[in-house]
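Breakdown of the fold
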Amino acid sequence: MTKVEPQASHDARASADGAPETVRVAYLIGRLDRALRRHISEAVHPLGLTMQQYTALSVLAWRSPLSNAQLAEKSLVSPQAANEMVKTMESKGLVARAPDPHHGRIVQIHMTDTGRSTLDEANQAVEALERCMLEALSASQQRMFQRHLKSSLKALGAGLVEPE
């Protein structure tokens, strides 16, 4: 059975004169987000990672060590989900936890050598995916696309993890 989607509600809307309007940016980004999540999950699965674990390792590569709360916020998961994820990653030897030397109740999470090696492999798979996704754009268009995405994130108050 073939699924039929209503054309006017998702892909293009017709204006009063019948001419097609552009597709909503939010819809396109949502579709891209879902497609990227699926493809990244498939790319990192052979390495024993979930999409969330890959994200957490990527965050730790930029800023480490982090508390569970900080890692949760920067990885876009709840503190409870981050705690379970860190337990799993620790059992795989990808991260280690140690008491914060300045605060007795905080535990710091940092990536291990195994975590770095696994992240390096995962990054290669994700870079190949990005190359495929962006192959129709020139190098300058890719840089501009990235600037536009960062600008949109900033306008919405969404944090971005980058090197300091």
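It should be noted that the structure appears before, not after, this text.
The text that follows walks through the structure, step by step, so that each part is easy to find. Since this is a predicted model, take the numbers as computed values, not measurements.

1. A few points about a nonpolar patch on the surface
On the surface, L32, M133, L137, F145 and L149 cluster together into a nonpolar patch covering about 350 Å² of accessible area. Relative to the helices and strands, F145 is located in helix α7 (residues 139–155).

2. Some points on the pairing of strand β3 (residues 103–111)
In the sheet, strand β1 (residues 66–67) pairs with β3 via 2 bridges, with the strands oriented antiparallel. Opposite S67, over in β3, you have Q108 as the bridge partner. Relative to β3, strand β2 (residues 95–100) runs antiparallel, the two being bridged by 6 bridges. The residue bridging V95 from the neighbouring strand is M111, located in β3. Hairpin connection, β2 to β3: the antiparallel pair is bridged by 2 residues.

3. With respect to the sheet that holds β1
Reading across the sheet, the 3 strands line up as β1-β3-β2 and stay open at both edges, with antiparallel pairing between neighbours. Sheet topology places β1 and β2 at the edges, where each strand pairs with a single neighbour. Strand contacts of helix α3 (residues 51–62): β1, β2 and β3, with the helix running at about 105 degrees to β3, the strand carrying the most contacts.

4. Re the nonpolar core
The biggest cluster of nonpolar side chains holds 22 residues, and the ones touching the most others in it are Y54, L57 and L71. Only α2 (25–44), α3, α5 (79–91), β3 and α6 (113–134) provide two or more residues apiece to this core. The element contributing the most residues to this core is α3, with 6 residues. Each residue touching L57, except ones within four places of it in the same chain, is listed here: L49, M89, L94, V95, M111, G115 and L119.

5. Examining the environment of V77
Tracing the backbone shows V77 in the loop between α4 (68–75) and α5. Setting aside residues no more than four positions away along its own chain, V77 makes contact with Q52, A72, A82 and M85.

6. Observations concerning the side chain of S75
Structurally, S75 is set in helix α4. The class of S75 is buried, set by a relative accessible area of 6%. Residue contacts for S75: discarding those within four places in its chain leaves T55, A56 and V59.

7. A closer look at the pattern of salt bridges
Inspection of every chain in the model, using the stated rule, returns 4 salt bridges. The salt bridge partner of K87 is E84, with a shortest N-O separation of 3.5 Å. Of this pair, K87 and E84 both sit in helix α5, 3 residues apart, which is roughly one turn of that helix. The class of K87 is partly exposed, set by a relative accessible area of 39%. Here R97 and E90 are joined by a salt bridge, their closest N and O atoms 2.8 Å apart. For R97, a relative accessible area of 32% puts it in the partly exposed group.

8. Things to note about unusual backbone geometry
Backbone phi values are negative for most residues with the exception of glycine, while trans is the configuration of most peptide bonds. Cis geometry marks the peptide bond from S64 to P65; its omega dihedral reads 0 degrees. You can see P65 is positioned in the loop between α3 and β1. A positive phi angle is found at L76, which is not glycine, with a value near 65 degrees. Its location among the elements puts L76 in the loop between α4 and α5. Look at L76 and you get exposed, because its relative accessible area is 73%.

About the criteria used
- Residues numbered from 1 in each chain as written.
- Predicted model: local features only at pLDDT ≥ 70, side-chain atom pairs only at ≥ 80, totals over all residues.
- Heavy atoms only, no water.
- Patch = residues over 30% accessible without salt bridge, like charges linked within 9 Å, V, L, I, M, F, W, Y side chains within 5 Å.
- Areas by Shrake-Rupley, 256 points an atom, 1.4 Å probe, with all protein chains shown as cover.
- Salt bridge = Lys/Arg side-chain N within 4 Å of Asp/Glu carboxyl O.
- Helix = DSSP H or I, 4+ residues; strand = E, 2+ residues; numbered from the N terminus.
- Pairing = 2+ DSSP bridges.
- Contact = heavy atoms within 4.5 Å.
- Axes fitted to C-alpha atoms, helices over the stretch in contact; angles between N-to-C directions.
- Core = buried A, V, L, I, M, F, W, Y, C linked by side-chain atoms within 4.5 Å.
- Buried < 20%, exposed > 50% of the residue type's maximum accessible area, 1.4 Å probe, protein only.

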